[in-house]
Amino acid sequence: MSEKYLKSSFIKIALFFLMAFFSLTLTTYAVSNTAATTEELKTNLTSVFKERQTSYSVAYTGNNLTLKTDIALIIGSIYDSDDYIRYTAKGYSYSYSSNGVTTNITFNFNYWNTLAQDAFVDTRVSEVLSQIITTGMSDFQKQKAIHDWIVTNVAYDTTLVQHSDYAGLVSPFKTVCQGYALLSYKMLNAAGIQTKIIEGTASGVAHAWNLVYLDSAWYHFDATWDDPVPDVAGRVVYNYYNLTDTQIKTNHTWTKSYPAATTNFADTITSKITSDPTNATVYNEISTALGLNYLSAENTVNDATELNAKIQDAIKNHLVQIKVRYMKGSTLTTDLSTAIKGISNITSYSYSKTDYVRSSLTGDILLTLSFTYYDPISVTAVSVSNNNLSLAAGLSSTLTATVSPSNASNKTILWTSSNTAVATVVGGVVKAVGGGTATITAKTADGGFTATCTITVTQGVSSVTFTPTTAYVKLGGTDVTLTPSVLPTGATDKSLKWTSSNPSIATVDSTGKVHAVAYGTAIISAISVQDPTKIGKCTVTVPVPVTGVTVNSTSNYVKMGTPLTLTTAFAPTNATIKTVTWSSSNEAIAKISATGVVTPVAIGSVTITAKTTDGSFTSTKTLNVVYGVTSVTLDKTIATLKVGGTDLTLVPTINPTNATVKTLIWKSSNPNVATVDSNGTVHAVAAGTVVISATSEQDPTKIAKCTITVTN
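Residues numbered from 1 in each chain as written. Predicted model: local features only at pLDDT ≥ 70, side-chain atom pairs only at ≥ 80, totals over all residues. Heavy atoms only, no water.

Looking at an unreviewed UniProt entry, one finds the chain named Ig domain protein group 2 domain protein and attributed to Clostridium cellulovorans.

If you want it as structure tokens, here you go:
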């Protein structure tokens, strides 16, 4: 059955909004109707619409400067407040004249219904509701009864001429989507179910449908699309009955603002069955009628294999038709052919499908499959062409299943593997994957008879590797067992042969355990027994042990902003593993890197420790973090003294002023000529020339000098 992709009546609905015309003249005349405000004018015009007056004149004494805007707003407000007025009105025009005080306005209106036709609709709706609605019905039952009556008694007007609900209630009982929506609006609201009319598009064509408010939730309700063309007497479908925004947006769109429909009706019905058990039968009937039961796993088919099983079950129960939700709508034709092919007693079949809008998935359909068949001949046994099979990994072999009797109706075989890491099977084709054994089973769809084949897969070694590729084994220490990686993991024979390149340094046993014999290096090889070309190698060192370590530094001071590198000296000097880990006693004072670089952080004293990797021997160095001396100068660079004269005290300047250690070491180049004490005081001893130097204790590279000549 085809959907109504020609439901274009709403184009005319949209166009009528453009049919509001006005004209202005300067003549004035008397009219009996009056309005002083826009509210009075709105009240009058609301009555005009309801009474279906085709012309109306009014003397308006309100502000006429915004009259055109005001009239448009008034009409729009009337439409917004009453969907029935909006969608039964074809259009309007008006003209007006003004004497400066009073504006005489004349309106002309066109409608889809006359007043008499409105009255007929009301009477007929009351008659129908009295026949289909009974005392005690819930809103759920009322809605379904109204939906079924409309779909059963109204047909779509393919000529696109009739747009009213009235047209749907009189012979030949045909109208377009606008009429369906209006009649649904009338009947549902009359039954006490709040309803709105939506305008938008369906499959790209202008369209109208409804929103219904049921059990505190809004739902989309499209009676037009539930009454497909061509009309079939007595047919009722529910594809567009109480959908969410998401569900209906697969082919419906709208731009105006309407209440959101976010509640899944399937969830609502399921909840009602639980919360209102007294009426569970009613809700179950609604669920079945709407096809909500196809959401269940029992009525869902995922692929050709499951479809085949469904058909088989139907035949066993003497059914000639199944209806299921099929998850792969895009491959239905191929899948159906595959499913039917395995059932030899089917003589013919036919099917129909529709989109299943009740789920949030895309691609799933409702499939109705009808078939004819003769009584099947049952399977009694099955055998396979080979019960034991050996294959190398990567190779394939085909098993053939033989069903008995040979004229059995359903010869479908289901193939499985007990271990797909060893071997897989598809349609009897066995593919060896990895080393080991697996059981391939052929099972008949009819009767569940089985036959098996045991497959043994051999798989060669592709590589033997060590990670890491080096190791230490201490003389006199614990032996070390090496564990290589043998790939692939499914290799049939992972056994290894072990050798040492220098047994006088290190030996290795059949399990990979290495024993140190003497200091030196040996290469331990792990050779695949299955494939001797696959060899893993590990360099084993028997290290000369460390017996001690000393931390060396060029200074006891670390200047702020200037890193200091520490070094180590190992004992004995020929020790093999000359690595240490560094640590700081106070990282708030100084930090040390893995390479022994000290970074000063704050002024203070800190102890740096070096710990050997081999033997865990330690050595420490205490350092002082200081603001470093950048320069030393003296107040004199040249001076003269007399033997027996007054001593000279040199005055040093140390920069920066905040240097932590300002101690100087004073020295005379020739104490026989002049001496200098720790305060920088120079004493003449004998005639001659001497250089007095002041050296920073913290940084011996910072030196100041003064040349002194001593005379008699």
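## Some points on the UniProt feature "domain: BIG2" (unreviewed entry) in the chain
The sites that UniProt annotates as "domain: BIG2" (unreviewed entry) are residues 378-454, 460-539, 545-622 and 628-707. Across residues 460-539 one finds 0% helix and 46% strand; the C-alpha atoms that close the span lie 26 Å apart. Across residues 628-707, the secondary structure splits into 0% helix and 51% strand, with the terminal C-alpha atoms separated by 26 Å. (UniProt positions renumbered as here; feature names shortened; annotations may be inferred. Helix = DSSP H or I, 4+ residues; strand = E, 2+ residues; numbered from the N terminus.)

## Quick notes on the nonpolar core
Judged by nonpolar contacts, the single largest core of 57 residues is most densely connected at Ile132, Ile146, Trp149, Ile150, Leu183, Met187 and Phe265. Counting residues per element, this core draws most heavily on helix H8 (residues 177-190), at eight residues. Leaving out residues up to four positions away in the same chain, Ile132 has contacts with Met137, Ala145, Ile146, Trp149 and Met187. (Core = buried A, V, L, I, M, F, W, Y, C linked by side-chain atoms within 4.5 Å. Buried < 20%, exposed > 50% of the residue type's maximum accessible area, 1.4 Å probe, protein only. Contact = heavy atoms within 4.5 Å.)

## What about the packing of aromatic side chains?
What characterises a pair of aromatic rings is the spacing of the ring centres plus the angle enclosed by the ring planes. Applying the stated criterion to the full structure yields 22 aromatic pairs. On the numbers, 5.7 Å between centres and 45 degrees between planes, the contact of Tyr94 with Phe107 is tilted. In this pair, Tyr94 sits in strand S4 (residues 89-98) while Phe107 sits in strand S5 (residues 103-111), placing the two residues 13 residues apart along the sequence. Summarising the burial analysis for this pair, Tyr94 and Phe107 share the class buried. (Phe/Tyr/Trp six-rings, centres within 6.5 Å; stacked < 30°, edge-to-face > 60°.)

## Describing the packing of helix H12 (residues 304-316) against helix H13 (residues 332-341)
Across the interface, H12 lies against H13 with an axial gap of 8 Å and an inter-helix angle of 50 degrees. Classified by the angle between their axes, H12 and H13 sit oblique to one another. The element H12 and its partner H13 pack so that their crossing is right-handed. Where H12 approaches H13, its residues Ala304, Leu307, Asn308 and Ile311 are matched on the opposing element by Asp335, Leu336, Thr338, Ala339 and Ile340. Residue classes in the contact of H12 with H13 are distributed as six nonpolar, two polar and one charged. (Axes fitted to C-alpha atoms, helices over the stretch in contact; angles between N-to-C directions. Parallel < 35°, antiparallel > 145°, perpendicular 65-115°, else oblique. Left-handed = near helix turned anticlockwise from the far one by under 90°. Nonpolar A, V, L, I, M, F, W, Y, C, P; charged D, E, K, R; others polar.)

## Some points on the pattern of salt bridges
Counted by the stated rule, this structure contains 14 salt bridges. A salt bridge links Asp80 to Arg86; the shortest N-O distance between them is 2.3 Å. The exposure class of Asp80 is exposed, given its relative accessible area of 57%. A relative accessible area of 8% places Arg86 in the buried class. Salt-bridge contacts for Lys474 lead to Asp614; the nearest nitrogen and oxygen are separated by 3.0 Å. Here the residue Lys474 occupies a position in the loop between strand S27 (470-472) and strand S28 (480-481), and Asp614 occupies one in the loop between strand S42 (604-612) and strand S43 (618-626), the gap between them amounting to 140 residues. Owing to a relative accessible area of 5%, Asp614 belongs among the buried residues under this scheme. Within this structure, Lys559, Asp699 and Lys702 form a network of salt bridges that share partners. (Salt bridge = Lys/Arg side-chain N within 4 Å of Asp/Glu carboxyl O.)

## Brief notes about the sheet that holds strand S52 (residues 703-711)
Sheet strands pair via backbone hydrogen bonds, and the direction of the pair is either parallel or antiparallel. The strand order across the open sheet built from four strands is S45-S52-S51-S48, with neighbouring strands paired in mixed fashion. Only two strands of the sheet have a single partner each, and these edge strands are strand S45 (638-642) and strand S48 (664-668). When the angles between neighbouring strand axes are averaged without regard to direction, this sheet yields 25 degrees. In the sheet, strand S51 (residues 688-696) pairs with S52 via eight bridges, with the strands oriented antiparallel. What sits directly across from Gly688, in S52, is Val710. (Pairing = 2+ DSSP bridges.)

## Let's talk about unusual backbone geometry
For the peptide bond that leads from Ser171 to Pro172, omega is 10 degrees, which places it in the cis range. In this chain, Thr467 is followed by Pro468 through a cis amide linkage whose omega measures 0 degrees. Relative to the assigned elements, Pro468 resides in the loop between strand S26 (463-465) and S27. For Leu160, which is not a glycine, the phi torsion comes out positive at approximately 60 degrees. Relative to the helices and strands, Leu160 resides in the loop between strand S6 (155-156) and helix H7 (165-169). Judged by its relative accessible area of 22%, Leu160 is partly exposed. For Ser203, which is not glycine, the phi dihedral falls at a positive 50 degrees. Given the relative accessible area of 36%, Ser203 is considered partly exposed.

## Looking at the confidence of the model for the chain
When the pLDDT values of the chain are averaged, the result is 92; 96% of them are 70 or greater. When the criterion is pLDDT under 50, residues 1-30 qualifies, and its contacts beyond four places in sequence or with other chains add up to 89 contacts. (pLDDT = per-residue confidence, 0-100.)

## A look at the packing of helix H6 (residues 139-153) against H8
Two elements in contact, H6 and H8, have axes separated by 10 Å at closest approach and are oriented at 145 degrees. In this structure, H6 meets H8 at a crossing whose hand is right-handed. Contacts between H6 and H8 involve Gln143, Ile146, Trp149 and Ile150 from the first element and Tyr180, Leu183, Ser184, Met187 and Leu188 from the second. Its residues placed into classes, the contact of H6 with H8 shows seven nonpolar, two polar and no charged.

## Notes on the sheet that holds strand S30 (residues 496-500)
Spatially, S27-S34-S33-S30 is the arrangement adopted by the four strands of the open sheet, whose pairing is mixed. This sheet does not close on itself; its edge strands, each paired only once, are S27 and S30. When strand polarity is set aside, the average angle formed by the axes of neighbouring strands in this sheet is 25 degrees. As paired strands, strand S33 (residues 520-528) and strand S34 (residues 535-542) are joined by eight bridges and run antiparallel to one another. What sits directly across from Ala522, in S34, is Val540.

## Some thoughts on the environment of Ala684
Assignment of secondary structure puts Ala684 in strand S50 (residues 681-684). Assessed through its relative accessible area of 7%, Ala684 is described here as buried. On a C-alpha basis, the gap between Ala684 and Thr709 in space is 9.0 Å, while along the polypeptide they are 25 residues apart. Residues in contact with Ala684, not counting those within four places in the same chain, are Leu641, Lys642, Val643, Asp647, Val673, Ala674 and Val710.

## Concerning the pairing of strand S14 (residues 321-326)
Of the strand pairs in this sheet, strand S13 (residues 300-301) and S14 are connected by two bridges, and their pairing is parallel. Counterpart to Thr300 in the pairing with S14 is Arg325. Once you follow S13 into H12 and on to S14, the crossover reads as right-handed. When S14 meets strand S16 (residues 365-373), the two strands line up antiparallel, connected through six bridges. Looking at S16, one finds that Gln321 is bridged to Ser370. (Right-handed = clockwise from strand over helix to strand, strands pointing away.)

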